[in-house]
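# Structural overview for review
The lines below spell out each chain.
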Amino acid sequence: MTIFSPFDEQSPIILTVPGLGGSGPSHWQTLWEQSRPDTHRVELGMWDTPHRNSWVTKLDQAIRSAQAPVVLAAHSLGCLAVAWWAELSPQPFGWPVAGALLVAPADVDRPDVRPELADFRPAPATPLPFPSIVVASSDDPWIAIDKAQSLAKGWGSVFVDAGPQGHLNAASGIGWWEEGQALLDRVLDAGSGGSSRPRSVADARSLLAVNATDAAQAHYHGAGR
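Residues numbered from 1 in each chain as written. Predicted model: local features only at pLDDT ≥ 70, side-chain atom pairs only at ≥ 80, totals over all residues. Heavy atoms only, no water.

The number of helices and strands found in the protein is 6 helices and 6 strands. For the protein, the sequential pattern of α-helices and β-strands runs β-α-β-α-β-α-β-β-α-β-α-α. Taking all 225 residues of the protein together, 54% fall into the buried category. Long-range pairs, those at least 24 residues apart, make up 78% of the contacts in the protein between residues at least 6 apart in sequence. Accessible surface computed for the protein: about 9,600 Å², of which carbon and sulfur atoms make up 53%. (Helix = DSSP H or I, 4+ residues; strand = E, 2+ residues; numbered from the N terminus. Buried < 20%, exposed > 50% of the residue type's maximum accessible area, 1.4 Å probe, protein only. Contact = heavy atoms within 4.5 Å. Areas by Shrake-Rupley, 256 points an atom, 1.4 Å probe, with all protein chains shown as cover.)

Further remarks concern the packing of aromatic side chains. For any pair of aromatic rings, the description consists of the separation of the ring centres together with the inter-plane angle of the planes. For the structure shown, the criterion picks out 5 aromatic pairs. Between Trp47 and Trp55 the ring centres are 5.6 Å apart and the planes differ by 65 degrees, which places this aromatic pair in the edge-to-face class. Relative accessible area serves as the criterion here: at 18%, Trp47 is assigned to the buried category. Using a relative accessible area of 0% as the deciding quantity, one classes Trp55 as buried. Through a chain of ring-to-ring contacts, the aromatic side chains of Trp28, Trp32 and Trp177 assemble into a single cluster. One Lys or Arg, Arg52, reaches over the ring of Trp84 and ends 4.1 Å from the middle of that ring. (Phe/Tyr/Trp six-rings, centres within 6.5 Å; stacked < 30°, edge-to-face > 60°. Lys NZ or Arg CZ within 6 Å of the ring centre and 35° of its normal.)

On to the sheet that holds strand β2 (residues 39-41). Strand order across the open sheet formed by 6 strands is β2-β1-β3-β4-β5-β6, with parallel pairing between neighbours. Each having just a single partner strand, β2 and β6 (158-161) make up the two edges of the open sheet. Direction aside, the axes of adjacent strands within the sheet are offset by 20 degrees on average. Bridging between strand β1 (residues 13-17) and β2 involves 3 bridges; their strand directions are parallel. (Pairing = 2+ DSSP bridges. Axes fitted to C-alpha atoms, helices over the stretch in contact; angles between N-to-C directions.)

Moving on, we come to the side chain of Thr16. Take Thr16: it is sitting in strand β1. The buried category is assigned to Thr16, whose relative accessible area is 0%. Not counting chain neighbours up to four residues away, the residues in contact with Thr16 comprise Gln29, Glu33, Thr39, His40, Arg41, Val42 and Ala73.

Another aspect to go through is helix α3 (residues 77-88). Spanning 12 residues, α3 covers 16 Å between terminal C-alpha atoms, matching the ideal 16 Å at 1.5 Å per step. Along α3, the positions that sit buried rather than exposed are Leu77, Gly78, Cys79, Leu80, Ala81, Val82, Ala83, Trp84, Trp85 and Ala86. Where α3 is buried, its residues meet β1, α2 (52-64), β3 (70-75), β4 (97-103) and α4 (145-155). (Expected span 1.5 Å × (residues − 1).)

Attention now goes to α2. With 13 residues, α2 should cover 18 Å at 1.5 Å per step; its first-to-last C-alpha distance of 18 Å lies within 8% of that length. For α2, the full list of buried residues reads Arg52, Trp55, Val56, Leu59, Ala62 and Ile63. For α2, the arc enclosing every buried residue in end-on projection is 125 degrees, short of the 170-degree limit, so these residues lie on one face. Elements in contact with the buried residues of α2: β1, β3, α3 and β4. (Arc of directions from axis to C-beta.)

Glancing now at the nonpolar core. Counting 41 residues, the largest nonpolar core has Leu59, Leu72, Leu80 and Leu102 as the members making the most contacts within it. A per-element tally of this core places α3 first, with 9 residues. Setting aside its immediate chain neighbours within four residues, Leu102 contacts Ala74, Cys79, Val82, Leu128, Ser132, Ile133, Val134, Val135, Trp155 and Ser157. (Core = buried A, V, L, I, M, F, W, Y, C linked by side-chain atoms within 4.5 Å.)

The subject of this paragraph is the pattern of salt bridges. The full count for this structure, using the stated rule, is 6 salt bridges. The residue Arg64 makes a salt bridge to Asp60 at a minimum N-O spacing of 3.1 Å. In this pair, Arg64 and Asp60 both sit in helix α2, 4 residues apart, roughly one turn of the helix. For Arg64, a relative accessible area of 42% gives the class partly exposed. By relative accessible area, Asp60 is classed as partly exposed at 21%. (Salt bridge = Lys/Arg side-chain N within 4 Å of Asp/Glu carboxyl O.)

Spelled out as C-alpha cells, the structure:
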C-alpha cells in the first residue's frame, strides 16, 4: 500500500512507458494498467520502428497533460526514452516527474545493437532530476548486468539486481510482478514527503536507497526465493 490515494487529485499518476514492440496482454505493464486506477500507458506510437525524438515528444506531452505529479514505470527501450526526455526537457528536481521505476533498460551502445534501437544511442549518462530505481536481471539477453549498473550509476539511480529472470517481461513468467509493485511503492514514497511537494534531492535519494535495498532483500534474497 502506498501513501498516496489514487483518487486524490494531487496524487501521482503512474505512466507506463513500454519498449520496442509495446507491451502485450501478459506484460506486467499491461496488467498494472488494468488493475490500478492511477496507471495509464503512454502511447508512444511507432512501436516497431521507434524514433527517439518522436517518443520523447509523446512522453513529454503525456507528462505535461497529466495535471498532477507523474511517476514513470518504464521497460527496456522505454527506459532510454525516459533518460532522453530528462536530457532534452530539464525540470526542477521532483516536478513534474516525481520518480521512476526503470526496468531492464536496453543496451543501445552495444556493437551489435539492433537497428531499431540505434536512434537512441549513446545512452545519456546525466543524473535524472527525480528519484529512480533501475532493476535488471543477471541473465537479460539485451543488457549485461554490469552495463545496467553503469547506467544506474550515471542516472543517479538505486540499482536492484533481480537475479536470473530474463528480460523481466511476459516471457519471464513474472505475471503481475509483485516485486516490481513493491519497488514502485518505494519510488512513490521517496517522491513525496506525504504531500504533493517533492522531497529534497538528498532526502529522496537517501530514503529510496534504504527502502529499495529493503525491498530487494525481502523479495529477491529472502527465504522464499
